[in-house]
Amino acid sequence: MVSVREALDCVLQQMPRLGGEQVPLSRACGRALAEVVTARHEVPPFRNAAMDGYAVRAADVAQASSARPVRLRVLETVGAGGVPRHAVVRGTATRIMTGALMPNGADAVVRVEDTAAGAGSEVEVRAAAGPGTNVRLPGEDVRAGEAVLHAGRLLRPADIGLLASVGATMVRVACRPRVAIITTGDELVDVGQPLGPGQIVNSNAYTLAAAVEEAGGEPIVVGIVRDQPDAIRNAFREACRADLVLSTGGVSVGSFDYVRQMLSELGYQERFWKVAQKPGKPLTFGFCAGTPVFGLPGNPVSSLVCFYLYVVPALRTMMGLDRRFLPSVTATMAEAVPKAIGLTEFVRCRVTGPPERYEVRSTGSQSSGVLRSLSLGDGLIVGPAEVGILEEGRRVRVVLLGSDAGAAEAPF
Ligand code: AMP
Ligand code: MG
């Protein structure tokens, strides 16, 4: 039996890296960037107005105030996308809108709020503006050739916009790992089918397919495989063509638990079996025909907890992401929770309170079969192996599950 730490280190060290593919920018959100992107051109690409107002020569308005306004003759009006036809010379101004190309000769923009209409085509400037005021310079945000994003980044909407603004039409991202999902068990039927005596719904196939999608992979659900040696062997042989194989069930010490035996007949190189943890103790990890395989326990909670703890970092490593782990926070136990001594226990919990004072409570039954208590929870308390109880008031580490875990239901 290995410790949680040893198991995780083993997985991370041995996970292969996938190749990349070019995708259009519009398909790149949520993907792992697999190249350094440099700016094709400057941002902004030209000198432009940062405010609606008047483009002026700063020297002309250096003495302007509301008591002593300066009168300038307005040459033209330029909107965003327009091109000025006249240069601003002494005693003149151009009415200009935010984002519009600055006319030659002008070196400042006076806000429209600091002006008043003058007689005829004149404007009265009522405030001074130094050189450069309210003017955005070319390359101020990004210089041409500058690296804007690095490989390993999980692309978010702001990144996509940034990439567009520097002229990237296609980007190289890591291929999505194709993950085969085998669910073993004579008791399993697909959802929607009538349940005979002794039968249950194959929920793991749905749980894991959803979890793979969420983690950026592409699930390939192999479906239900009966607890028969040939069926299991064949299923794994096929599944090993994927980038990663997940199976559930049949890895414990039951009379019909054939997974490890069949894997070994296929040349499985087991790296570990059994982790000192709860839930998920019978987890096995290794390589079959060069493909990483996680034999997850069958219990619905065990398989999903193992997915979060080991498979998420494995998939992120495969995609070259620079953040491999789920976020975790420190919190205070709001109630005592007994735990198994000698095993690292991951307790399904709810996180409440503001981040400076997070509190956690168990979501109820911690039996590995009770998926409800994982659905109700938004985190996993990491209960250290050496203790037999997590006392009230104890400070604990909590792995957050889901992007809004621990967030207050309130604006901002
Ligand atoms: P096993 O690891 O095969 O001994 O299964 C442990 C427990 O998990 C048993 O109660 C199984 O019925 C249940 N189980 C196994 N596979 C699944 C599955 N795909 N969906 C839901 N429950 C399962
Ligand atoms: Mg089974």
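Everything below is about the structure shown above.
Notes on the structure follow. The model shown is predicted, which means the values in this text are computed figures rather than measured ones.

### Structural notes on the sheet that holds strand S18 (residues 269–273)
Whenever strands of a sheet pair, they do so through backbone hydrogen bonds, lying parallel or antiparallel. The strand order across the open sheet built from 6 strands is S16-S13-S17-S21-S20-S18, with neighbouring strands paired in mixed fashion. Pairing within the sheet leaves two strands with one partner each, and these edge strands are strand S16 (218–225) and S18. Between one strand axis and the next, the sheet turns through 20° on average, direction left out of account. Packed onto the sheet, helix H4 (residues 203–214) meets strand S13 (178–184), S16, strand S17 (244–248) and strand S21 (291–296) and runs at close to 165° relative to S13. Most of the contacts of helix H7 (residues 300–318) go to S21, to which it runs at about 165°, and overall it touches S13, S17 and S21.

### Describing the site of ligand 1
Every one of the 15 residues lining ligand 1 counts as a neighbour, but Glu187, Asn202, Asn204, Gly250 and Gly298 are closest to it. The separation between an oxygen atom of ligand 1 and a polar main-chain atom of glycine 298 is 3.0 Å. Between an oxygen atom of ligand 1 and a main-chain N or O atom of asparagine 299, the distance comes to 3.2 Å.

### Examining the pattern of salt bridges
In total, this model carries 16 salt bridges according to the counting rule given. For the salt bridge of glutamate 124 with arginine 126, the shortest nitrogen-to-oxygen distance reads 3.0 Å. Look at arginine 126 and you get partly exposed, because its relative accessible area is 32%. In this structure, glutamate 359 and arginine 361 form a salt bridge, with 3.6 Å as the shortest nitrogen-oxygen distance. Looking at glutamate 359, the relative accessible area reads 34%, which means it is partly exposed. The partly exposed category is assigned to arginine 361, whose relative accessible area is 35%. Several salt bridges share partner residues, and in doing so they unite Arg71, Glu124 and Arg126 into one network.

### Let's talk about the environment of leucine 296
With respect to the secondary-structure elements, leucine 296 resides in strand S21. Taking the C-alpha atoms as reference, leucine 296 lies 5.1 Å from leucine 283; in sequence the two are 13 residues apart.

### A short note on the packing of aromatic side chains
Applying the stated criterion across every chain, the model contains 3 aromatic pairs. Ring centres 5.5 Å apart and planes at 70° place the aromatic pair phenylalanine 285 and phenylalanine 287 in the edge-to-face group. Exposure class is identical for phenylalanine 285 and phenylalanine 287. Each is buried. Looking at phenylalanine 285, the relative accessible area reads 0%, which means it is buried. Members of the aromatic cluster, connected to one another through ring pairs, are Phe272, Phe285, Phe287 and Phe294. Its end group placed over the ring of tryptophan 273, arginine 260 keeps NZ or CZ at 3.6 Å from the ring centre.

### Overview of the sheet that holds strand S5 (residues 70–78)
Strand order in the open sheet formed by 6 strands is S7-S4-S6-S5-S9-S8, and the pairing between neighbours is mixed. Two strands in the sheet have a free side with no partner beyond their single neighbour: strand S7 (108–111) and strand S8 (115–117). Pairwise comparison of adjacent strand axes, ignoring direction, gives a mean angle of 40° for this sheet.

### Here we look at the pairing of strand S25 (residues 359–362)
Working note: regular strand, side chains alternate between the two faces of the sheet. Where strand S22 (residues 328–333) and S25 come together, 2 bridges link them in parallel fashion. Pairing of threonine 332 across the sheet is with glutamate 359, part of S25. Bridging between strand S24 (residues 344–352) and S25 involves 4 bridges; their strand directions are antiparallel. If you follow arginine 350 over to S25, its bridge partner there is arginine 361. Hairpin connection of S24 to S25: 6 residues between the antiparallel strands, including glycine 353 at a positive phi of 90°.

### Comments concerning H4
Taking 1.5 Å as the rise per residue, H4 with 12 residues should run 16 Å; its terminal C-alpha atoms sit 17 Å apart, in good agreement. Within H4, burial applies to Asn204, Ala205, Thr207, Leu208, Ala209, Ala211 and Val212. Tucked into the core, H4 has its buried residues touching S13, S16, S17, S21 and H7.

### A word on helix H5 (residues 229–239)
Listed as buried for H5 are Ile232, Arg233, Ala235, Phe236 and Ala239. What you see down the axis of H5 is that its buried residues fit within an arc of 165°, all on one side.

### What about the packing of H4 against H7?
Direction vectors running N to C along H4 and H7 enclose 15°, while the axes themselves pass 10 Å from each other. The angle between the axes of H4 and H7 places the two elements in the roughly parallel class. Seen along the crossing, H4 lies across H7 with a hand that is right-handed. Seen from H4, the contacting residues are Ser203, Asn204, Thr207, Leu208, Ala211, Val212 and Glu214; seen from H7, they are Pro300, Ser303, Leu304, Phe307 and Tyr308.

### Some remarks on the nonpolar core
By size, the foremost hydrophobic cluster in this structure holds 46 residues, and its most contacted members are Leu246, Phe294, Phe307, Tyr310 and Leu315. Counting only elements with at least two residues in this core, the list comes to helix H1 (4–14), S13, H4, S17, strand S20 (284–288), S21 and H7. Not counting residues up to four positions away in its chain, the partners in contact with phenylalanine 307 are Leu208, Ala211, Val212, Ala215, Leu246, Val312 and Leu315. Counting 19 residues, the second-largest nonpolar core is a separate cluster that includes Val225, Ile232, Ala235 and Ala239.

The rules behind the values
- Residues numbered from 1 in each chain as written.
- Chains lettered and ligands numbered in written order.
- Predicted model: local features only at pLDDT ≥ 70, side-chain atom pairs only at ≥ 80, totals over all residues.
- Heavy atoms only, no water.
- Pairing = 2+ DSSP bridges.
- Helix = DSSP H or I, 4+ residues; strand = E, 2+ residues; numbered from the N terminus.
- Axes fitted to C-alpha atoms, helices over the stretch in contact; angles between N-to-C directions.
- Contact = heavy atoms within 4.5 Å.
- Near = heavy atom within 4 Å.
- Polar contact = N/O pair within 3.5 Å; in protein donor to acceptor, adjacent residues only side chain to side chain.
- Salt bridge = Lys/Arg side-chain N within 4 Å of Asp/Glu carboxyl O.
- Buried < 20%, exposed > 50% of the residue type's maximum accessible area, 1.4 Å probe, protein only.
- Phe/Tyr/Trp six-rings, centres within 6.5 Å; stacked < 30°, edge-to-face > 60°.
- Lys NZ or Arg CZ within 6 Å of the ring centre and 35° of its normal.
- Expected span 1.5 Å × (residues − 1).
- Arc of directions from axis to C-beta.
- Parallel < 35°, antiparallel > 145°, perpendicular 65-115°, else oblique.
- Left-handed = near helix turned anticlockwise from the far one by under 90°.
- Core = buried A, V, L, I, M, F, W, Y, C linked by side-chain atoms within 4.5 Å.

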